[in-house]
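# Topology and contacts: notes
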Amino acid sequence: MTSSESDPLRVAVVGAGPAGLFLVDALLKAKDHLVSVDVIERLHTPYGLVRYGVAPDHAKIKSVITTFHKTLEDERVRFLGNVNFGTDLTVDDVLAHYDAVVYSVGAPHDRRLGIPGEDLPGSLSATEFVAWYSGHPDHSDIVHLRADAKAVAVVGVGNVAVDVARILAKDASELRGTDIPQPVLDKLAASEVRDIYIFGRRGPAQAKFTTKELRELGELENADVIVDPDEIALDAASAAEVAAQQALQRNVDILRDFAARTPSGKPRRLHLRFLTSPVEIVGTDAVEELVIERNRLDEHGNASGTGRFERLPMQMVLRAVGYRGRALEGVPFDGRTHVIPNALGRVLDASGQHLPGQYTAGWIKRGPSGVIGTNKADANETARALLEDAPQLPRVADRDPASVDRLLEARGVKVARWQDWLAIDQYERTLGEREGRERVKVTNFTALLDEIVGKV
Ligand code: NAP
């Protein structure tokens, strides 16, 4: 069956992050198909990790929001925020009201280190810390920076670790022009953090950060970057790898430049450590010390301990060792890889058969890797599969978008509409204008919406 103007293909996209919105964009651009899309989102706000993951001082990366805004503004698209998939709207509900559904919910969990002391106050995931400084509503009532923290360890050498370390290494005055929420900025302004450590368990050739992000660490106004030349020495296998890959060579060159520098006495120090693994977090009521073990690499580039330990005074430990996908109620999930099993975005059941009308995109499809733009190609792949299948997809009987609204209303769900987001957006911009900033993020929408809708 093909879709017509009066009867477009009804699609639900679960998750209004980059993957979901790139996917909607691809569906809207499809020439031979007419679609009507509902974007179902747990939060009141769209844009997922672009709003709540990209660091506040990386405004350029956030500019993709302009494109996403246009996508969501399209008359064929409805934004249904504050709708919790799994409870407010179940799999059965979406399968009854839409011809196709795309799960693009990201990977919200963090991985753990599995070492003693990991649950002490002051030890937390970078995911939580990022959510806090990004003004994520789930973290609006919590302060994730210990007031007495002087030394903070960041574990892992991916871009999340670099983001977190950079934010800690900056003076609050450097973040004042960003969209960072005011209470967070106030806490950062009072920060006593002077030493920030990044620990990579392997060497520079195996580090996951990108060159641009690494280079930025050497340009910090208020922090000296410190690298021990011995820790970036390459073994033969790593040297061969670096010689074969330009990006790795650039990283190593930058690290050698860092190692050759003499600290200039800036107020903070950012220590980039390699071949070191945290093995224990020590403390009575909170983190007091971090025990690390020096590692060596085998010929495959895997790390193992040398039995040489170091104890460092530390008040916080942030693990930035990757994200992990979470199962959605009623949707197939691979408990080993933490993704939705799929072939080119088509969701597969336990026997490897495509579940008709069910698709996936983004981190929950491929795992937590790549930059924001990586999700475009990923979403395009899923959109192609969906559109290819579209003529054969059975059409649901109830095709009225208002049926979903009635269902949600009957369940007492106060849906946040596109207009509500526009009101929040305007409110944040107005707050920003007063302080010469583009916007200042607010974090508690439930209370705010009643107050601001129609008043900005
Ligand atoms: P990631 O790039 O996968 O890095 C995770 C790091 O954690 C790796 O260095 C890994 O080391 C380490 N690790 C894992 N388990 C560990 C353990 N038990 N002990 C010590 N270290 C451990 O993940 P991410 O930093 O969370 O980033 C996720 C994705 O978002 C990445 O693709 C990243 O590029 C992207 N991102 C991009 C930006 C940007 O563009 N500015 C910003 C943030 C995030 P091994 O290699 O040894 O496993």
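## What about the overall build of the protein chain?
- Helix and strand content of the protein chain: 17 helices and 18 strands.
- The globule rule puts the C-alpha radius of gyration for 456 residues at 23 Å, and the 24 Å found for the protein chain is close to it.
- Judged by the C-alpha coordinates and their principal axes, the protein chain covers about 70 × 55 × 40 Å.
- Within the protein chain, the proportion of its 456 residues that are buried is 54%.
- Long-range contacts, defined here as pairs at least 24 residues apart, represent 75% of the contacts in the protein chain between residues at least 6 apart.
- Looking at the protein chain as shown, the accessible area adds up to about 20000 Å², and 50% of this sits on carbon and sulfur atoms.
- Of the side-chain charges in the protein chain, 56 are positive and 67 negative, and the distance between the mean point of each set is 3 Å.

## Section: the domain arrangement of the protein chain
- Once the domains are mapped, the protein chain shows domain 1 (9-108 + 325-416) and domain 2 (111-323).
- Taken over C-alpha atoms, the centre of domain 1 sits 33 Å from the centre of domain 2.
- In this complex, domain 1 contributes 15 residues to the contact, which on the side of domain 2 involves 19 residues.
- Per-residue buried area on domain 1 facing domain 2 is highest for Tyr-52, Pro-56 and Asp-57; these three make up 41% of the total on that side.
- For the pair domain 1 and domain 2, the interface holds four salt bridges.
- With a closest N to O distance of 2.7 Å, Asp-57 and Lys-170 form a salt bridge.
- Applying the counting rule to domain 1 against domain 2 returns six residue pairs in polar contact (both at pLDDT 80 or more).

## Quick look at the environment of Gly-218
- One can find Gly-218 in the loop between helix H10 (211-217) and strand S9 (223-227).
- By relative accessible area, Gly-218 is classed as buried at 14%.
- Through-space distance from the C-alpha of Gly-218 to that of Val-35 is 48 Å; in sequence the pair is 183 residues apart.
- Setting aside its immediate chain neighbours within four residues, Gly-218 contacts Val-225, Phe-258 and Arg-261.

## Describing the packing of aromatic side chains
- Scanning the entire structure with this criterion turns up eight aromatic pairs.
- With a centroid separation of 6.4 Å and an interplanar angle of 20°, the aromatic rings of Tyr-47 and Phe-68 are classed as stacked. In this pair, Tyr-47 is assigned in the loop between strand S2 (35-40) and helix H2 (48-52) and Phe-68 in helix H4 (residues 65-73), connecting sequence segments 21 residues apart. Here Tyr-47 and Phe-68 have matching classes, each one buried.
- By way of ring pairs, the aromatic residues Phe-22, Tyr-47, Phe-68 and Trp-421 are connected into one cluster.

## Brief notes about the sheet that holds strand S4 (residues 100-103)
- Strand order across the open sheet formed by seven strands is S3-S2-S1-S4-S18-S17-S16, with mixed pairing between neighbours. Of all strands in the sheet, those bounded by a partner on one side alone are strand S3 (77-80) and strand S16 (342-343).
- Pairing of strand S1 (residues 9-14) with S4, which is carried by four bridges, proceeds in the parallel orientation. In the strand pairing of S4, Ala-12 is matched with Val-101.
- Along the sheet, helix H15 (residues 401-410) makes contact with S1 and S3, crossing S3 at roughly 5°.

## So, the site of the ligand
- Within the structure, the ligand sits among 23 residues, and Asn-159, Arg-201, Arg-202, Lys-208 and Gly-370 are positioned closest to it.
- Between an oxygen atom of the ligand and a side-chain N or O atom of Asn-159, the distance comes to 3.0 Å.
- In this structure, Arg-202 approaches the ligand through a side-chain N or O atom, which is 2.8 Å from an oxygen atom.
- Relative to its unbound accessible area of 910 Å², the ligand is 84% covered by the protein chains.
- In terms of residue count, the dominant contributor to the shell around the ligand is helix H7 (residues 159-169) (three residues).
- Residues belonging to the shell around the ligand are distributed by class as follows: 11 nonpolar, six polar and six charged.
- Each of two domains, domain 1 (9-108 + 325-416) and domain 2 (111-323), supplies a minimum of three residues to the shell around the ligand.

## A word on the nonpolar core
- Ranked by internal contacts, the top residues of the largest apolar core, which has 47 residues, are Phe-129, Tyr-133 and Leu-272.
- The greatest single-element share of this core, amounting to seven residues, is contributed by H7.
- Not counting residues within four places of it along the chain, the set of residues in contact with Tyr-133 comprises Ala-55, Pro-56, Asp-163, Val-164, Ile-167, Ile-180, Pro-181 and Val-184.

## Digging into the sheet that holds strand S12 (residues 289-297)
- The three strands are arranged S11-S12-S13 in an open sheet whose pairing can be described as antiparallel. Two strands lie at the open edges of the sheet, namely strand S11 (276-282) and strand S13 (303-313), each paired on one side alone. Looking at each pair of strands side by side, their axes are set apart by 25° on average, direction ignored.
- Taken together, the eight bridges between S12 and S13 define a ladder with antiparallel strand orientation. Paired with Ile-292 across the bridge in S13 is Glu-310.

## Quick look at the environment of Ala-223
- For Ala-223, the location among the structural elements is in strand S9.
- Once the C-alpha coordinates of Ala-223 and Arg-326 are considered, the two residues, 103 residues apart in sequence, prove to be 37 Å apart.
- With residues up to four places along the chain from it excluded, the contact list for Ala-223 reads Ala-169, Lys-266 and Arg-268.

The rules behind these values
- Residues numbered from 1 in each chain as written.
- Predicted model: local features only at pLDDT ≥ 70, side-chain atom pairs only at ≥ 80, totals over all residues.
- Heavy atoms only, no water.
- Helix = DSSP H or I, 4+ residues; strand = E, 2+ residues; numbered from the N terminus.
- Rg over C-alpha atoms; globule rule 2.2 N^0.38 Å.
- Buried < 20%, exposed > 50% of the residue type's maximum accessible area, 1.4 Å probe, protein only.
- Contact = heavy atoms within 4.5 Å.
- Areas by Shrake-Rupley, 256 points an atom, 1.4 Å probe, with all protein chains shown as cover.
- Lys, Arg positive; Asp, Glu negative; His and termini not counted.
- Charge placed at Lys NZ, Arg CZ, Asp CG, Glu CD.
- Domains from an automatic or database assignment.
- Buried area = accessible area lost by both parts, 1.4 Å probe.
- Salt bridge = Lys/Arg side-chain N within 4 Å of Asp/Glu carboxyl O.
- Polar contact = N/O pair within 3.5 Å; in protein donor to acceptor, adjacent residues only side chain to side chain.
- Phe/Tyr/Trp six-rings, centres within 6.5 Å; stacked < 30°, edge-to-face > 60°.
- Pairing = 2+ DSSP bridges.
- Axes fitted to C-alpha atoms, helices over the stretch in contact; angles between N-to-C directions.
- Near = heavy atom within 4 Å.
- Nonpolar A, V, L, I, M, F, W, Y, C, P; charged D, E, K, R; others polar.
- Core = buried A, V, L, I, M, F, W, Y, C linked by side-chain atoms within 4.5 Å.

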